[in-house]
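If you want the building blocks of each chain, they are given just below.
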Amino acid sequence: MGAPTEEYYEVFARHEADDPLHHVGTVKARSPKDAEIFAYTLYDELKWREMFVVARRHVMWLITPE
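Attention in this report is confined to the structure presented alongside it. In this text, all values refer to a predicted model and were calculated from it rather than measured experimentally.

Turning to the overall build of the protein chain, a few remarks are in order. Of regular secondary structure, the protein chain possesses 1 helix and 3 strands. Helices (α) and strands (β) of the protein chain occur, in sequence order from the N terminus, as β-β-α-β. When the backbone C-alpha atoms are referred to their principal axes, the protein chain occupies close to 45 × 30 × 15 Å. Counting across all 66 residues of the protein chain, residues that qualify as buried make up 21%. Considering only contacts within the protein chain whose residues lie at least 6 apart along the sequence, 47% involve residues at least 24 apart. When the accessible area of the protein chain is evaluated, it comes to approximately 5,300 Å², of which 58% is carbon and sulfur surface. With 8 positive and 12 negative side-chain charges, the protein chain shows a spacing of 6 Å between the two charge centroids.

So, about the pattern of salt bridges. Evaluation of the coordinates by the stated rule reveals 7 salt bridges. Where Glu16 meets Arg49, a salt bridge forms, and the shortest distance between an N and an O atom there is 4.0 Å. Here Glu16 is found in the loop between β1 (7–14) and β2 (22–29), whereas its partner Arg49 is found in the loop between α1 (32–43) and β3 (50–55), with 33 residues between them in sequence. Of the residues examined, Glu16 reaches a relative accessible area of 41% and is grouped as partly exposed.

Another aspect to go through is the environment of Met51. The residue Met51 is located in strand β3 in this model. In this structure Met51 touches Val11, Phe12, Ala13, Ala39, Tyr40, Tyr43 and Asp44, once residues within four positions along its chain are discounted.

Structurally, Asp44 is set in the loop between α1 and β3. A distance of 3.4 Å separates a polar side-chain atom of Asp44 from the backbone nitrogen of Trp48. Excluding residues within four positions of it along the chain, Asp44 makes contact with Ala39 and Met51.

Moving on to α1. In this model α1 runs 16 Å from its N-terminal to its C-terminal C-alpha over 12 residues, within 8% of the 16 Å that 1.5 Å per residue would give. Restricting attention to buried positions, one finds in α1 the residues Ala35, Ala39 and Tyr43. In an axial view of α1, the angular spread of the buried residues amounts to 30°, which keeps them on one side of the axis. Those residues of α1 that are exposed and angled more than 90 degrees off the buried face are Tyr40 and Thr41.

Calculation criteria
Residues numbered from 1 in each chain as written. Predicted model: local features only at pLDDT ≥ 70, side-chain atom pairs only at ≥ 80, totals over all residues. Heavy atoms only, no water. Helix = DSSP H or I, 4+ residues; strand = E, 2+ residues; numbered from the N terminus. Buried < 20%, exposed > 50% of the residue type's maximum accessible area, 1.4 Å probe, protein only. Contact = heavy atoms within 4.5 Å. Areas by Shrake-Rupley, 256 points an atom, 1.4 Å probe, with all protein chains shown as cover. Lys, Arg positive; Asp, Glu negative; His and termini not counted. Charge placed at Lys NZ, Arg CZ, Asp CG, Glu CD. Salt bridge = Lys/Arg side-chain N within 4 Å of Asp/Glu carboxyl O. Polar contact = N/O pair within 3.5 Å; in protein donor to acceptor, adjacent residues only side chain to side chain. Expected span 1.5 Å × (residues − 1). Arc of directions from axis to C-beta.

This is the structure in structure tokens:
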């Protein structure tokens, strides 16, 4: 069995509990744990209150880009 393939993860964060989520970037990783580490390392310069990573394949488009 080969090594896990990389996939893209979208990174969302907010400063305060009642703030809306902001899309802050994208990371490419081989596992959700790696995505968590990469997202924190790359995007935590603003000291977010909450940060989320979501595999891109799990994001549902409501309006697709043209």
